[in-house]
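Residue strings, one per chain:
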Amino acid sequence: MSAKNALRYLTDTEGNILAVQLPWDVWKKLEPAAAALLGTADSRPALPPEPLSAFEEFLQFWDFRYAYDPAVRCPHCGVACEDWRTAEGHPFHLTNANVGGLLVFRCKACGCTIRQKHFRDHVAHEHTPPA
């Protein structure tokens, strides 16, 4: 399907637009933003408390060869912030932290799981799309 035909406008007999039809792959990219706009993103089950003491222990004992970077980005829906701890709306929920270097976040917009694996000389980023 060409970009020109990607959107279909559904109109009434007078030509007033009633709805817009989009391809499934386009909708999957827009759905997190639409849910946030409509206020339905909060219909997900409540998340458990963040393990902040484990995160503090991670910061205290991990021997970085580089500065800790608190930025988190969701590769699934594109939500990003410079510092997950202070970002407006707290878009990422810390679900796990340990002194071995693992930080796990849940994207509040789409439910994606984001893992940051801190090694001595680099950070590996992995993610699991929502079910």
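Refer to the structure presented above.
Residues numbered from 1 in each chain as written. Predicted model: local features only at pLDDT ≥ 70, side-chain atom pairs only at ≥ 80, totals over all residues. Heavy atoms only, no water.

**What to know about the nonpolar core**
Thinking step 1. Formed by 21 residues in total, the largest nonpolar core has its most connected members in F55, W84, F92, L103, F105, C107 and I114.
Thinking step 2. Broken down by secondary-structure element, the contributors of at least two residues to this core are α2 (52–61), β5 (92–97) and β6 (102–107).
Thinking step 3. Residues within four places of F55 in sequence aside, it is in contact with Y68, W84, R85, L94, A97 and L103. (Core = buried A, V, L, I, M, F, W, Y, C linked by side-chain atoms within 4.5 Å. Buried < 20%, exposed > 50% of the residue type's maximum accessible area, 1.4 Å probe, protein only. Helix = DSSP H or I, 4+ residues; strand = E, 2+ residues; numbered from the N terminus. Contact = heavy atoms within 4.5 Å.)

**Overview of the pattern of salt bridges**
Thinking step 1. As enumerated under the stated definition, the model contains 3 salt bridges in all.
Thinking step 2. One salt bridge connects R115 with E126, and the closest N-O pair in it is separated by 3.3 Å. Note that R115 is positioned in strand β7 (residues 113–118) and E126 in strand β8 (residues 123–128), a separation of 11 residues in sequence.
Thinking step 3. Across the pair E126 and K117 runs a salt bridge, and its minimum N-O distance is 3.2 Å.
Thinking step 4. Here the residues in one salt-bridge network are R115, K117 and E126, joined through shared partners. (Salt bridge = Lys/Arg side-chain N within 4 Å of Asp/Glu carboxyl O.)

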